[in-house]
Amino acid sequence: MGADHPECTQRLQAINDRLVSTGLFDLLRHYEAPAVTHEQLLRVHDEAYLRHIKALAPSEGRVMLDPDTWMNTHTLKAAEHAAGAAVLATDLVMAGDVNNAFCAVRPPGHHAEHNRAMGFCFYNNVAVAAAHALERHGLQRIAIVDFDVHHGNGTEDIFLNDSRVLFCSSFQHPFYPNSPLAERNEHIIHAPLHAGDGSNEFRASIREKCLPALEKFAPEMIFISAGFDAHVEDELSSLQLVDDDYAWVTETIMDLAARHARGRIVSVLEGGYHLDALARSAMVHIKALMQGPTL
């Protein structure tokens, strides 16, 4: 998206380098992400929007969709494969080929609404995957847990009226994208945090607001919008989370998945812009996924 933009190619390289240096890289199965299909995108995005964003794709240089979101000649191809990775991960987990999956993808997706790109996001990767689980695999209860520092407005927009999807979101508030929060909706659970909040407040919000709703809903599969930008070292937020918070929340979700969802989890990378903090946080998240539930 241009020089000095936080959503940069070095993000994925930082995660890979950390996995290599800790010895985890060779213990993982690796898959090349296919491109998402038009049919899969249509489950969560409008046809008119898909035509519009393709028409905007430049043959050279960049175009600005909003002050934060730029598209170059390769952006849509990357976005197609980011969403396709989440679909493939869903198929692999549902088939029992893998226990769970982490999709190291960019661009992120959780700000993309059914008819709008924003916040570095073009296609809503986690929503595409969740819709695929519902429609292709016939599941009836899907949970999406989003712990990015920014509210996942796009995911909420897409599933606002779909009671088959429980959306639980922890985020700094008020903060970007400053979208109105759904009220009196039993399958939209908000766990907002204030600037300066850290581990204690984050864990309490998950325990008190998200876990009771998740236990009652008893999801058949859990998707994670894994944003690591609430880290104390990340300059894009004012929260104070540390590496261990991401291990804890992953273990918590895994225990829930073991009780209700046969352990089925697909995690999709969202934010995280301090490269070292991102790499460490993603590493402990992946390590927790590898180790299994603590039950």
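Coordinates for the structure precede this section.
S.K.: In this structure, what is going on with the sheet that holds strand β5 (residues 165-172)? I would like to understand it.
M.R.: Across a sheet, strands are paired by hydrogen bonds formed along the backbone, either parallel or antiparallel in direction. Pairing within the open sheet is parallel, and its six strands lie in the order β3-β8-β7-β4-β5-β6. Two strands bound the open sheet, and with one partner strand each, they are β3 (100-103) and β6 (188-193). Between one strand and the next, the sheet's axes are offset by a mean angle of 10°, whatever the strand orientation. Where strand β4 (residues 142-146) lies against strand β7 (residues 221-226), five bridges are found, and the strand directions are parallel. Each bridged residue has a counterpart across the sheet, and for Ala143 the counterpart in β7 is Ile222. Taken strand by strand, helix α5 (residues 125-135) contacts β4, β5, β7 and β8 (265-269), and its axis lies near 175° from that of β7.

S.K.: Is there a simple way to think about helix α8 (residues 243-260) in this case?
M.R.: For an α-helix, the turn length of 3.6 residues means that residues three or four places apart are oriented alike. Here α8 is 18 residues long and its end C-alpha atoms lie 27 Å apart, about the 26 Å a rise of 1.5 Å per residue gives. In terms of burial, α8 is largely enclosed, as 13 of its 18 residues are buried. Backbone geometry just downstream of α8 places Arg262 in the positive-phi region, at approximately 55°.

S.K.: Looking at this structure, I do not really get the environment of Gln40. What am I missing?
M.R.: If you trace the backbone, Gln40 turns up in helix α2 (residues 38-42). Under the relative-accessibility criterion, Gln40 is labelled buried at 13%. Other than its neighbours up to four places away in sequence, Gln40 contacts Val87, Val128 and His132.

S.K.: Please clarify how the pairing of β4 should be interpreted in this entry.
M.R.: For a regular strand, side chains alternate in direction, first toward one face of the sheet and then toward the other. Most of β4 is tucked away: five of the five residues are buried. Pairing of β4 with β5 involves five bridges; the strand directions are parallel. Looking across to β5, one finds that Ile144 is bridged to Phe167. Following the backbone out of β4, through helix α6 (residues 153-159) and into the adjacent parallel β5, one traces a crossover that is right-handed.

S.K.: Explanation requested: the packing of aromatic side chains in the structure shown.
M.R.: Here a ring pair, both rings aromatic, is described through the centre-centre distance and the interplanar angle of the planes. Tallied over the entire structure, the rule returns five aromatic pairs. Where Phe120 meets Tyr273, the ring centres are 5.7 Å apart and the plane angle is 90°; that geometry is what we call edge-to-face. One end of the pair, Phe120, is in the loop between β3 and α5; the other, Tyr273, is in the loop between β8 and α9 (275-291), with 153 residues separating them in the sequence. Here Phe120 and Tyr273 have matching classes, each one buried. Note on Phe147 and Tyr246: the rings are 5.8 Å apart at their centroids and 45° apart in plane angle, and the pair reads as tilted. You can see Phe147 sitting in the loop between β4 and α6 and its partner Tyr246 sitting in helix α8, a full 99 residues away along the chain. Neither Phe147 nor Tyr246 differs from the other in exposure class; each is buried. Directly above the aromatic system of Trp70 lies the positively charged group of Arg62, at a separation of 5.5 Å from the ring centroid.

S.K.: Teacher, can you tell me more about the packing of helix α4 (residues 75-95) against α5 here?
M.R.: How two helices sit against one another is set out by the angle between their axes and by the gap between those axes. Remark: α4 packs on α5, axes separated minimally by 8 Å, with the N-to-C direction vectors making an angle of 35°. The handedness of the crossing between α4 and α5 comes out as right-handed. Contact residues: Ala79, Ala82, Ala83, Ala86, Val87, Thr90 and Asp91 in α4; Asn125, Val128, Ala129, His132 and Ala133 in α5. When grouped by side-chain class, the residues that make up the contact of α4 with α5 number eight nonpolar, three polar and one charged.

S.K.: Just checking my understanding: could you explain unusual backbone geometry for this structure?
M.R.: What is expected of a backbone is that most residues other than glycine have negative phi and most peptide bonds are trans. Cis geometry marks the peptide bond from Arg106 to Pro107, where omega comes out at 5°. Mapped onto the fold, Pro107 is located in the loop between β3 and α5. With omega at 10°, the peptide bond leading from Tyr176 into Pro177 counts as cis. Position of Pro177 relative to the elements: it lies in the loop between β5 and β6. Non-glycine residue Asn178 carries a positive phi angle of around 60°. Inspection of the secondary structure puts Asn178 in the loop between β5 and β6. For Asn178, a relative accessible area of 56% corresponds to the exposed category.

S.K.: I tried to follow helix α1 (residues 10-21) on my own but got confused; where do I start?
M.R.: The terminal C-alpha atoms of α1, which comprises 12 residues, lie 16 Å apart, in line with the 16 Å expected from a rise of 1.5 Å per residue. For α1, the set of buried residues is Arg11, Ala14, Ile15 and Leu19. Along the axis of α1, the buried positions cluster into a sector of 130°, meaning they face one direction only. Of the residues in α1, the exposed ones pointing more than 90 degrees away from the buried face are Val20 and Ser21. Just past α1, the residue Gly23 takes up positive phi, approximately 80°.

Cut-offs applied
- Residues numbered from 1 in each chain as written.
- Predicted model: local features only at pLDDT ≥ 70, side-chain atom pairs only at ≥ 80, totals over all residues.
- Heavy atoms only, no water.
- Pairing = 2+ DSSP bridges.
- Helix = DSSP H or I, 4+ residues; strand = E, 2+ residues; numbered from the N terminus.
- Axes fitted to C-alpha atoms, helices over the stretch in contact; angles between N-to-C directions.
- Contact = heavy atoms within 4.5 Å.
- Expected span 1.5 Å × (residues − 1).
- Buried < 20%, exposed > 50% of the residue type's maximum accessible area, 1.4 Å probe, protein only.
- Right-handed = clockwise from strand over helix to strand, strands pointing away.
- Phe/Tyr/Trp six-rings, centres within 6.5 Å; stacked < 30°, edge-to-face > 60°.
- Lys NZ or Arg CZ within 6 Å of the ring centre and 35° of its normal.
- Left-handed = near helix turned anticlockwise from the far one by under 90°.
- Nonpolar A, V, L, I, M, F, W, Y, C, P; charged D, E, K, R; others polar.
- Arc of directions from axis to C-beta.

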